[in-house]
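Summary of the model geometry
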Amino acid sequence: MKVLGHKIELLTGLLLHDVTMAGLQELRFPEEKPLLRGQEAAELENSDTFLLAVDTDWKEHDIETPYGLLHVVIRGSPKGNRPAILTYHDVGLNHKLCFNTFFNFEDMQEITKHFVVCHVDAPGQQVGASQFPQGYQFPSMEQLAAMLPSVVQHFGFKYVIGIGVGAGAYVLAKFALIFPDLVEGLVLMNIDPNGKGWIDWAATKLSGLTSTLPDTVLSHLFSQEELVNNTELVQSYRQQIGNVVNQANLQLFWNMYNSRRDLDINRPGTVPNAKTLRCPVMLVVGDNAPAEDGVVECNSKLDPTTTTFLKMADSGGLPQVTQPGKLSEAFKYFLQGMGYIAYLKDRRLSGGAVPSASMTRLARSRTASLTSASSGDGSRPPACTHSESSEGLGQVNHTMEVSC
C-alpha cells in the first residue's frame, strides 16, 4: 500500500507540473459552441500551442452587421460607465493567435478583471471558420470599421477602448474617425496609415507568386532579422497560420488590406479642416518591427497633445507577444491617464500586501490626474503621456516619444 501511495503521489506531482508549465505558455478560450467546424480535433490539437483551456468565462457570439456576420468572443458584462476593451487582430491571425499571450499575462489579467473584454475576429478568420463561397466579396477596410457599431449596440457598450494590431489597428482608427463618440481611447500597434502605391502593390503580387501565403504574411508580421534569428517563434506562427486560419478566407482579407486607402488624418493646424483622432491614442511599435516607419508617420499626423508614441526595445513585429509585461504596464498608465485609477498588484513590491484591486472612473470634466480622487461628469479629459523606465512609468504634461 505504501508503494502504491508513493506512485500515486509521484504521478499526481508530475501531472500538476505539466499543467502548471502549460498554463504559463498556452491559453485557449472555450466557446459556447464548437470551434472545430470541418476540422479534425486531433489534427488541430497536435499543432495548436496557443489555444489550451484555462478560462471558462469567455462566450462566443455571431453578430449580424450590415456587411455580414461578425464573430466575437466576450468576457464579463458592461460595468457602469466604464468602457469595454475591444480588440482587433492583424491580418494572418485571429484574436487567439494575436492576443492570448498578452491577455493571459498576470498583470494584464489584473487590469482586465475590472472591464468587459471583447475580442473581434475579422470575417472568416476565427478558428474553424467555414470557407466563404466562390465570388464572396470581402468587406473593405471601411466596411470592417462600419461593422463595429453593431457589436457596441448588441452588448450595450457606451463606448470602447480599442486595442488593435496592424490591419486591426487600421480598422479601429477608421472606426474612431467615423464614430468618434463610441471610442474612449485607442492603443494602436504596428499601424500603417498609408495605402499601398503601385510599386508596393506590384511587389506584393510578385511575392504572392513566389511564396506561400503563410510565408508572405510572416514577412508582414516579422522583420527580416526575426525571420532569420527568432526561428522558434516564427516557426510556431507559420504552423498556426497554416493550420488554424482558413487559407482562402485569409487570402481575401490579405488582398483587401493591401488595397486599403490612406487613413485620411492630419495633425490639427497643418491643413484646413484636418481630420484626426479625437480620443487619447498610444502608438506602439517594436524597435525591430517592419511597421516602424508607418507608425512614425502616423505619430506625425496625430494631435501631439493626446498621443503617446511608445517604441519598445528588444521587440520585433509582435510586441504583445514578446514583451507583454512592458506593454501591460504601459497600458495600465494609459488607462490612468484617461482617468481610470488602478490599485493593482505590483509583483515588484516585496513588502506587505497591496490594497485590493479596484478601478474607478475619474472626472470627465477636467484634466486626468494620477493623484486626484474627485468624480463627476462631462467631456473626455485630455490624455496624459508617460515615460517608462526600469523603475516604472512617470507622468509628464506633454506628448513625447518613449523607448522602453
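Our subject in this report is the structure included herewith. (Residues numbered from 1 in each chain as written. Predicted model: local features only at pLDDT ≥ 70, side-chain atom pairs only at ≥ 80, totals over all residues. Heavy atoms only, no water.)

**Describing the pairing of strand E8 (residues 307-312)**
Among the six residues of E8, six are classified as buried, and the element is accordingly described as predominantly covered. Judged by which residues are buried, E8 turns out to be covered on both faces: Thr307, Phe309 and Lys311 on one side and Thr308, Leu310 and Met312 on the other are all buried. Across six bridges, strand E7 (residues 281-286) lies against E8 in parallel orientation. The partner of Val281 across the bridge, within E8, is Thr307. As for the winding sense of the linkage, the β-α-β connection from E7 through helix H13 (residues 292-301) to E8 is right-handed. (Buried < 20%, exposed > 50% of the residue type's maximum accessible area, 1.4 Å probe, protein only. Helix = DSSP H or I, 4+ residues; strand = E, 2+ residues; numbered from the N terminus. Pairing = 2+ DSSP bridges. Right-handed = clockwise from strand over helix to strand, strands pointing away.)

**Quick notes on the nonpolar core**
Nonpolar side chains in soluble globular proteins tend to end up buried together. If you look at the biggest cluster of nonpolar residues, it comprises 96 residues, and the most contacted ones within it are Ile163, Leu188 and Phe331. Once residues within four sequence positions are removed from consideration, Phe331 is found in contact with Ile85, Met108, Ile111, Ile161, Ile163, Val187 and Met282. (Core = buried A, V, L, I, M, F, W, Y, C linked by side-chain atoms within 4.5 Å. Contact = heavy atoms within 4.5 Å.)

**Notes on the packing of aromatic side chains**
For the structure shown, the criterion picks out ten aromatic pairs. Ring centres 6.3 Å apart and planes at 70 degrees place the aromatic pair Phe132 and Phe138 in the edge-to-face group. Residue Phe132 is classed as buried on the basis of its relative accessible area of 18%. Centroid distance Tyr136 to Phe138: 6.5 Å. Interplanar angle 85 degrees. Geometry classified as edge-to-face. Linked through ring pairs, Phe132, Tyr136, Phe138 and Phe253 together constitute an aromatic cluster. (Phe/Tyr/Trp six-rings, centres within 6.5 Å; stacked < 30°, edge-to-face > 60°.)

**Considerations on helix H15 (residues 324-337)**
With 14 residues, H15 should cover 20 Å at 1.5 Å per step; its first-to-last C-alpha distance of 20 Å lies within 8% of that length. Within H15, twelve of the 14 residues are buried, leaving the element largely enclosed by the surrounding structure. Listed as buried for H15 are Pro324, Leu327, Ser328, Glu329, Ala330, Phe331, Lys332, Tyr333, Phe334, Leu335, Gln336 and Gly337. (Expected span 1.5 Å × (residues − 1).)

**Some points on the pattern of salt bridges**
Enumeration over the complete set of coordinates arrives at nine salt bridges. The salt bridge partner of Glu110 is Lys113, with a shortest N-O separation of 3.4 Å. Glu110 sits in the buried class, given a relative accessible area of 13%. Taking the shortest distance from any N to any O, the salt bridge between Arg260 and Asp192 comes out at 3.3 Å. Residue Arg260 is located in the loop between helix H12 (247-258) and E7, and its partner Asp192 is located in the loop between strand E6 (183-189) and helix H8 (198-210); the two are separated by 68 residues in the primary sequence. A residue is classified by how much of its surface remains accessible, and Asp192, at 24% relative accessible area, is partly exposed. (Salt bridge = Lys/Arg side-chain N within 4 Å of Asp/Glu carboxyl O.)

**Comments concerning helix H3 (residues 95-103)**
Judged by how many residues are buried, H3 sits mostly within the fold: eight of nine residues are covered. When we look at burial in H3, the residues that qualify are His95, Lys96, Leu97, Cys98, Phe99, Asn100, Phe102 and Phe103. Where H3 starts, the residue carrying a side-chain oxygen 3.1 Å from the main-chain nitrogen of Lys96 turns out to be Asn94. (Polar contact = N/O pair within 3.5 Å; in protein donor to acceptor, adjacent residues only side chain to side chain.)

**Structural notes on the packing of helix H6 (residues 148-155) against helix H7 (residues 167-178)**
Orientation of H6 relative to H7, taken along the N-to-C sense of each, is 75 degrees, at an axis distance of 10 Å. Looking at the two axes, H6 sits roughly perpendicular to H7. Residues Leu148, Pro149 and Val152 of H6 pack against Val171, Leu172 and Phe175 of H7. A breakdown of the residues in the contact of H6 with H7 according to their chemical character gives six nonpolar, no polar and no charged. (Axes fitted to C-alpha atoms, helices over the stretch in contact; angles between N-to-C directions. Parallel < 35°, antiparallel > 145°, perpendicular 65-115°, else oblique. Nonpolar A, V, L, I, M, F, W, Y, C, P; charged D, E, K, R; others polar.)

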